[in-house]
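# Summary of structural features
Given next are the chains, with one letter for each unit.
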Amino acid sequence: MGVLQPVLTWGPACAPVQQPPTYSTWWISGQYVNVYSNDPRYRGCHSGRAMSVQVGEVLEMDIALDQSTGLWTQTITGQAGSVRYSINLRKQAQNMALFAIEPWDNARLANRLVFSGTTLTFRDEAAQSCLNPELTYTGTGGTISPPTVAGRRCHIDTVTVNVPRSAA
């Protein structure tokens, strides 16, 4: 019951990968995080290589399941190249859209954070899995544009995380 996720990070993370010097740059990696499992193959943080990214850089993130092998592969592409991480989750479902903004040490965002053009393709009809995407942030919240569903595909135009009033 872990989470397969690309993680954009500023500072240290649990990912067992060579990370840039703390707070020197934004970086991203494909990760699988499972804090509930007792199975040593899945417990804890698992990760592919890290890639430094620039503020404002557009990142393309793809998470795909090869149903014949059970292998989930995350590919993240940006200006500096791409990184990839694969893991066989042995039929663990990954069936929910969650945009989690987890500020380190309760930091607050200085500017609005916007995700755009998110498309999810589900194995089965997407309607139920797509209707309630979730945004979590310990700051002042944000908005998710209403998802549009077409068969197995779910598209979310924008997810916006707001700036706290005191930082605006």
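Cut-offs applied
- Residues numbered from 1 in each chain as written.
- Predicted model: local features only at pLDDT ≥ 70, side-chain atom pairs only at ≥ 80, totals over all residues.
- Heavy atoms only, no water.
- Disulfide = S-S within 2.5 Å.
- Helix = DSSP H or I, 4+ residues; strand = E, 2+ residues; numbered from the N terminus.
- Pairing = 2+ DSSP bridges.
- Axes fitted to C-alpha atoms, helices over the stretch in contact; angles between N-to-C directions.
- pLDDT = per-residue confidence, 0-100.
- Phe/Tyr/Trp six-rings, centres within 6.5 Å; stacked < 30°, edge-to-face > 60°.
- Buried < 20%, exposed > 50% of the residue type's maximum accessible area, 1.4 Å probe, protein only.
- Patch = residues over 30% accessible without salt bridge, like charges linked within 9 Å, V, L, I, M, F, W, Y side chains within 5 Å.
- Areas by Shrake-Rupley, 256 points an atom, 1.4 Å probe, with all protein chains shown as cover.
- Salt bridge = Lys/Arg side-chain N within 4 Å of Asp/Glu carboxyl O.

On to the state of the cysteines, then. Tallying each qualifying case throughout the model produces one disulfide. Shown here is the disulfide that connects Cys 14 with Cys 45, its sulfur atoms set 1.8 Å apart. Since a negative S-S torsion denotes a left-handed disulfide, the Cys 14-Cys 45 link at about -90 degrees is left-handed. Taken together, the residues Cys 14 in the loop between strand S1 (3-10) and strand S2 (26-34) and Cys 45 in strand S3 (residues 44-47) connect sequence positions 31 residues apart.

What follows deals with the sheet that holds strand S6 (residues 71-78). Across the sheet, three strands lie side by side as S5-S6-S7; this open sheet has antiparallel pairing. The strands lining the two open edges of the sheet, one partner per strand, are strand S5 (60-66) and strand S7 (81-88). With direction set aside, neighbouring strand axes in the sheet form an average angle of 15 degrees. Note: S5 against S6, seven bridges, orientation antiparallel. When the bridges of S6 are listed, Met 61 appears paired with Ile 76.

It is worth spelling out the confidence of the model for the protein chain at this point. The predicted coordinates ought not to be read in detail in places where the model reports low pLDDT. In the predicted model, the protein chain carries a mean pLDDT of 83, and the fraction of residues at 70 or more is 83%. Ranking the helices and strands of the protein chain by mean pLDDT puts S7 first, with 96, and strand S10 (residues 134-137) last, with 63.

The next subject is the packing of aromatic side chains. Enumeration according to the criterion identifies three aromatic pairs in this entry. Ring geometry for Trp 10 versus Trp 26: centroids 5.7 Å apart, planes at 45 degrees, classification tilted. Remark: Trp 26 occurs in strand S2 and Trp 10 occurs in strand S1; sequence separation between them is 16 residues. Given a relative accessible area of 37%, Trp 10 falls into the partly exposed group. A residue is classified by how much of its surface remains accessible, and Trp 26, at 31% relative accessible area, is partly exposed.

A contiguous nonpolar surface patch, about 500 Å² in accessible area, is contributed by Leu 8, Trp 10, Tyr 23, Trp 26 and Val 55. Taking relative accessible area as the criterion, Val 55 reaches 74% and is therefore assigned exposed.

Counted residue by residue, S6 has six buried out of eight residues, so it is predominantly covered. Taking the residues between adjacent antiparallel strands as the criterion, S5 and S6 are bridged by four residues, where Gly 70 takes a positive phi near 80 degrees. As paired elements, S6 and S7 share eight bridges and run antiparallel to each other. Bridging across to S7, Leu 71 finds its partner in Asn 88. Taking the residues that link successive antiparallel strands as the turn, the S6-S7 hairpin has two residues.

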